[in-house]
Amino acid sequence: QLTNLVSLHLSNNQLSGNIPSEIRNLDSLCDVNLSNNKLEGLIPSPILNCFMSFGKVDLSNNLLSGNIPSKIGYVDKLDMSHNLLSGSIPFLSISDNPYIPWREYSLSSLDLSYNNFTGTLPIELTTIPYINLSFNFFECPQGCKGFHAKSLIGNTPRSVNSSIYVQKTKKSRNLIVIALPITCCFLFIISVSILCYIRCTNKVKFEQSSKKDGDLFSIWNYDGKIAFEDIIEATQDFDIRYCIGTGAYGSVYKAQLPSGKIVALKKLHQRESQNPSFDKSFRNEIKMLSQIRHRNIVKLHGFCLHNRCMFLVYEYMERGSLFYALSMDDDEAKELSWSKRVNIISGTANALAYMHHDCFPPIVHRDVTSNNILLNSELHAVVSDFGTARLLDPDSSNQTLQVGTYGYLVPELAYTMTVTEKCDVYSFGVVALETLMGRHPGVLILSLFNSSNKNIMIKDLLDSRIRLPLCQRDTQAIVQVLTLALACLRSDPKSRPSMQQVAYELSNFEQSSLSLSFSE
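So, how was this worked out
- Residues numbered from 1 in each chain as written.
- Predicted model: local features only at pLDDT ≥ 70, side-chain atom pairs only at ≥ 80, totals over all residues.
- Heavy atoms only, no water.
- UniProt positions renumbered as here; feature names shortened; annotations may be inferred.
- Pairing = 2+ DSSP bridges.
- Helix = DSSP H or I, 4+ residues; strand = E, 2+ residues; numbered from the N terminus.
- Patch = residues over 30% accessible without salt bridge, like charges linked within 9 Å, V, L, I, M, F, W, Y side chains within 5 Å.
- Areas by Shrake-Rupley, 256 points an atom, 1.4 Å probe, with all protein chains shown as cover.
- Salt bridge = Lys/Arg side-chain N within 4 Å of Asp/Glu carboxyl O.
- Lys, Arg positive; Asp, Glu negative; His and termini not counted.
- Charge placed at Lys NZ, Arg CZ, Asp CG, Glu CD.
- Buried < 20%, exposed > 50% of the residue type's maximum accessible area, 1.4 Å probe, protein only.
- pLDDT = per-residue confidence, 0-100.
- Contact = heavy atoms within 4.5 Å.
- Phe/Tyr/Trp six-rings, centres within 6.5 Å; stacked < 30°, edge-to-face > 60°.

- Per an unreviewed UniProt entry, the chain is named non-specific serine/threonine protein kinase, and its organism is Arachis hypogaea.
- According to UniProt, the comment filed for the chain under the heading Subcellular location (unreviewed entry) is "Membrane".

Dropping the structure here:
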């Protein structure tokens, strides 16, 4: 099938899974672009088999792993940058066919940057006109002779740049000893002038490329090196001065990029990056947030999965977490009015309803807490931290190890390991109560369902730092939220409402008034 297919362009989509090995059976296919997807697994060998002409293959910005195949087929331009490829670079050839001599074929362009390649480099690669091997782990015992220094930026050990610098330094010292002082000063002035000119030229080129490609993160998709360098410069290599928070396995930094855009960077700690469970959680967050889009779910702008530096790039939320906002002193807590608190609860419900009912398969967050709900400058709420989120398989029992935060975990996890949407429903109920009370409800949750305790008034459940609601609409909204929160906290999972029902009730209230009064 598709025997006459010549060009296949599926870039910038949400494609996942492996590249089908049958692609090599398409003899007419000479142009493949699968970049900017979520493809994983091994690369087929050979990649192309178009006998009539040499082809182009772009597999950049995916999650491909394993070694690069030695039989690359009839490829003229090959881009495998920004993946998880590893191992050494083999001697590249067309196929095992002895009747196709290598001297009649050679790559004109090869980009393997931003991977995890190791070992020494084959001397044959020096004949390729354009080659980019930056940000890998290549060894250069003899300075990688034959390779341009710019093609090996960011490799470990950094023998290319350091060896060139040492050689130039020694030569300069010899000249100082031999040359006359006037000549040395003259050369120094010329050198400074050249350096200033190069810097100004590079700055102009960068500004032109930024204007041409628009937002900086559109450049991320085409040249990850630019975005990576901008982030390192904006945080001064993740200096502690830019750290605005620390979590279980990473720290959060605030960075202002050259475009003026402010982002939040979640960087995995170096020690934790070696821990498989933390690494899995980090990659799981990327997987989840790359698949979903909702106004009440934090936006993932980009990520870097290099072994030496792993971080996520989020939209920056100026007001921090809901927990932080509720922990403020009396004056600042008053800014969270009753209507704003209800809107925060409603936004959280909308996000969870989207995950449970509009995503297939459904997504369970498993760690809905006030710390994982972030607020922007207008106190608009988004759900964050998807490191423990899980896709629900309708054909599986969905049993797993217990994860989450104490105080928000469902009681049934004491006797079952089955994960359902009702786990998030219960946690949402805790967060809803916490938002209205201004503090975590704690053991009060148990007393609310104690039939012998009938003396708890609604006003006793509200944050005492701000005045009781005077507006009838606010009063009715609070009663509605409390009613839904208590329903979400029922001990029997089957009796809890779905997040879709909760979101509907809250949005329906915004369109019509309830017949409940504050006294009720």
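Some words on the sheet that holds strand β12 (residues 137–138)
Here comes step 1: Reading across from one edge, β2-β4-β6-β8-β10-β12 is the order of the six strands in this open sheet, with parallel pairing throughout. Sheet topology places β2 (16–17) and β12 at the edges, where each strand pairs with a single neighbour.
Here comes step 2: Where strand β8 (residues 84–87) and strand β10 (residues 116–119) come together, two bridges link them in parallel fashion. Within β10, the position partnered with Gly 87 by the bridge is Phe 117.

Thoughts on a negative patch on the surface
Here comes step 1: Together, Asp 329, Asp 330, Asp 331 and Glu 332 make up a region of like negative charge exposed at the surface.
Here comes step 2: Residue classification places Asp 331 among the exposed positions, given a relative accessible area of 61%.

Section: the confidence of the model for the chain
Here comes step 1: Averaged over every residue, the pLDDT of the chain is 76; residues scoring 70 or more account for 74%.
Here comes step 2: Confidence drops under pLDDT 50 across residues 95–105; counting only partners more than four residues distant or on other chains, this segment forms 17 contacts.

Some remarks on the pattern of salt bridges
Here comes step 1: Within this structure, the stated rule accounts for seven salt bridges.
Here comes step 2: Residues Glu 285 and Lys 266 are paired through a salt bridge, measuring 3.0 Å at the closest nitrogen-oxygen approach. In this pair, Glu 285 sits in helix α5 (residues 276–291) while Lys 266 sits in strand β15 (residues 262–268), placing the two residues 19 residues apart along the sequence. With respect to class, Glu 285 is no different from Lys 266; both count as buried.
Here comes step 3: The partner of Asp 463 in a salt bridge is Arg 465, and the shortest N-O contact between them spans 2.9 Å. Of the two residues, Asp 463 and Arg 465, both sit in the buried class.

A short note on the packing of aromatic side chains
Here comes step 1: This structure, assessed with the given rule, holds four aromatic pairs.
Here comes step 2: Between the aromatic rings of Phe 238 and Tyr 253, the centroid separation amounts to 5.1 Å while the plane-to-plane angle is 70 degrees, which identifies the pairing as edge-to-face. Residue Phe 238 is found in the loop between α4 (224–234) and β13 (243–246), and its partner Tyr 253 is found in strand β14 (residues 250–256); the two are separated by 15 residues along the sequence.
Here comes step 3: For Tyr 253, a relative accessible area of 9% translates into the label buried.
Here comes step 4: Centre to centre, the rings of Phe 238 and Phe 311 are 5.6 Å apart; their planes meet at 55 degrees, and the pair counts as tilted. Residue Phe 238 is found in the loop between α4 and β13, and its partner Phe 311 is found in strand β17 (residues 309–315); the two are separated by 73 residues along the sequence.

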